[in-house]
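Chain residues, written in single-letter form:
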Amino acid sequence: HSDQQEAVQTVYPQASRSSGVIGRISSALVQASAAFKTEAYSVSGKALVLEGGPEDPKVIGSKGIEQVSSFGTLETDISKLISKMSSSVFGEVWGSDLQRALADSVQLPGEMDASVITTRFGNSELEQQFYQVAKVIKGARGGGDSPDRQAFFVSRGGFDTHGNTRE
């Protein structure tokens, strides 16, 4: 199953490891002669389809942004821990991801909470993901620093039928 997901999200099944197709499109838009400001969001965890873009995608949960309640008091200590150079590339990536996630958890809720969505969304996981997408889109309108293009990843699982096959 992971091979199939990788092929779909990269649209390049011949490569054993490729960046995501939306990430590559975003990079091309930024590098075009009439460069576009782009942003990428996943409302379903880290997604290969968004990798390889000019910036790492922001990850939002289907219920919104989880905020660290005591981040304000711990910010200095966390920054000191993360700023230390690690001898492991995994440690560096983890530290960078943590730092960005914490910064997003402070910035994004304000932008998203200001978005009033009048369209009704259902309660399913997918419908709630689309609700978060609508909040981000509405929150990005009108500002001078608004992106020209946004990309979103939502997903719905449950198509594995191995348990329900008849003999």
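To be clear, the structure that these remarks concern was listed above.
Keep in mind it's a predicted model, so treat the numbers as computed, not measured. (Residues numbered from 1 in each chain as written. Predicted model: local features only at pLDDT ≥ 70, side-chain atom pairs only at ≥ 80, totals over all residues. Heavy atoms only, no water.)

Engineer: Give me the overall build of the protein: which residues, what numbers.
Structural biologist: A tally of helices and strands in the protein yields five helices and three strands. Going from N to C terminus, the protein has its helices and strands arranged as α-α-β-β-α-α-α-β. The burial tally for the protein puts 26% of its 167 residues in the buried class. By sequence separation, contacts in the protein at least 24 residues apart represent 60% of the contacts at least 6 residues apart. Total accessible area on the protein is roughly 11500 Å²; 52% of this is exposed by carbon and sulfur atoms. (Helix = DSSP H or I, 4+ residues; strand = E, 2+ residues; numbered from the N terminus. Buried < 20%, exposed > 50% of the residue type's maximum accessible area, 1.4 Å probe, protein only. Contact = heavy atoms within 4.5 Å. Areas by Shrake-Rupley, 256 points an atom, 1.4 Å probe, with all protein chains shown as cover.)

Engineer: Please set out the environment of isoleucine 22 residue by residue, giving values where relevant.
Structural biologist: Inspection of the secondary structure assignment puts isoleucine 22 in helix 2 (residues 21–31). Residue classification places isoleucine 22 among the partly exposed positions, given a relative accessible area of 24%. In this structure the C-alpha to C-alpha distance between isoleucine 22 and glycine 52, which are 30 residues apart in sequence, comes to 8.2 Å. With sequence-adjacent residues up to four places away left out, isoleucine 22 is seen in contact with Val49, Leu50 and Ala151.

Engineer: Can you break down the pattern of salt bridges residue by residue, with the values?
Structural biologist: What the rule picks out here adds up to two salt bridges. Residue lysine 37 is joined to glutamate 39 by a salt bridge in which the shortest nitrogen-to-oxygen separation is 3.7 Å. Using a relative accessible area of 17% as the deciding quantity, one classes glutamate 39 as buried. For lysine 46, the salt bridge goes to aspartate 97, with nearest N and O atoms at 3.2 Å. Remark: aspartate 97 occurs in helix 4 (residues 89–113) and lysine 46 occurs in the loop between strand 1 (38–42) and strand 2 (58–59); sequence separation between them is 51 residues. For lysine 46, a relative accessible area of 59% corresponds to the exposed category. (Salt bridge = Lys/Arg side-chain N within 4 Å of Asp/Glu carboxyl O.)

Engineer: Can you break down the nonpolar core residue by residue, with the values?
Structural biologist: Within the largest apolar cluster, six residues are counted, these being Ala40, Ala47, Val49, Leu50, Ala151 and Phe153. Those residues in contact with alanine 151 that sit more than four places away from it in its chain are Ile22, Glu39, Ala40, Tyr41 and Leu50. (Core = buried A, V, L, I, M, F, W, Y, C linked by side-chain atoms within 4.5 Å.)

Engineer: Now, about the environment of valine 116: what can you tell me, with residues and values included?
Structural biologist: In this fold, valine 116 is placed in the loop between helix 4 and helix 5 (125–140). A residue is classified by how much of its surface remains accessible, and valine 116, at 55% relative accessible area, is exposed. Separated by 19 residues in sequence, valine 116 and lysine 135 place their C-alpha atoms 7.4 Å apart.

Engineer: Talk me through helix 2; I want residue IDs and the actual numbers.
Structural biologist: Turning to helix 2, its buried residues number three or more, namely Gly23, Ser26 and Ser27. Along the long axis of helix 2, the arc covered by the buried residues comes to 100°, so they all point the same way. On its buried face, helix 2 sits against strand 1. (Arc of directions from axis to C-beta.)

Engineer: Explain empty space enclosed by the protein to me, using residue names and the numbers behind them.
Structural biologist: All chains considered together, the criterion is met by two cavities of 30 Å³ or more. Approximately 60 Å³ is the volume attributed to the largest cavity. Every residue along the wall of the largest cavity is listed here: Ile22, Gly23, Ser26, Thr38, Glu39, Ala40, Leu50, Gly53, Pro54 and Glu55. Counting residues per element, the ones that place at least two in the lining of the largest cavity are helix 2 and strand 1. For the lining of the largest cavity, the class distribution of residues is four nonpolar, four polar and two charged. Of the pockets and cavities examined, the second largest cavity occupies roughly 30 Å³. Thr38, Glu39, Ala40, Glu55, Asp56 and Lys58 are the residues that line the second largest cavity. (1 Å grid on protein atoms, 1.4 Å probe; cavity = no way out; pocket = protein on both sides within 12 Å on 5 of 7 lines; lining within 4 Å. Points joined across faces, edges and corners; volume = space filled by probe spheres on them. Nonpolar A, V, L, I, M, F, W, Y, C, P; charged D, E, K, R; others polar.)

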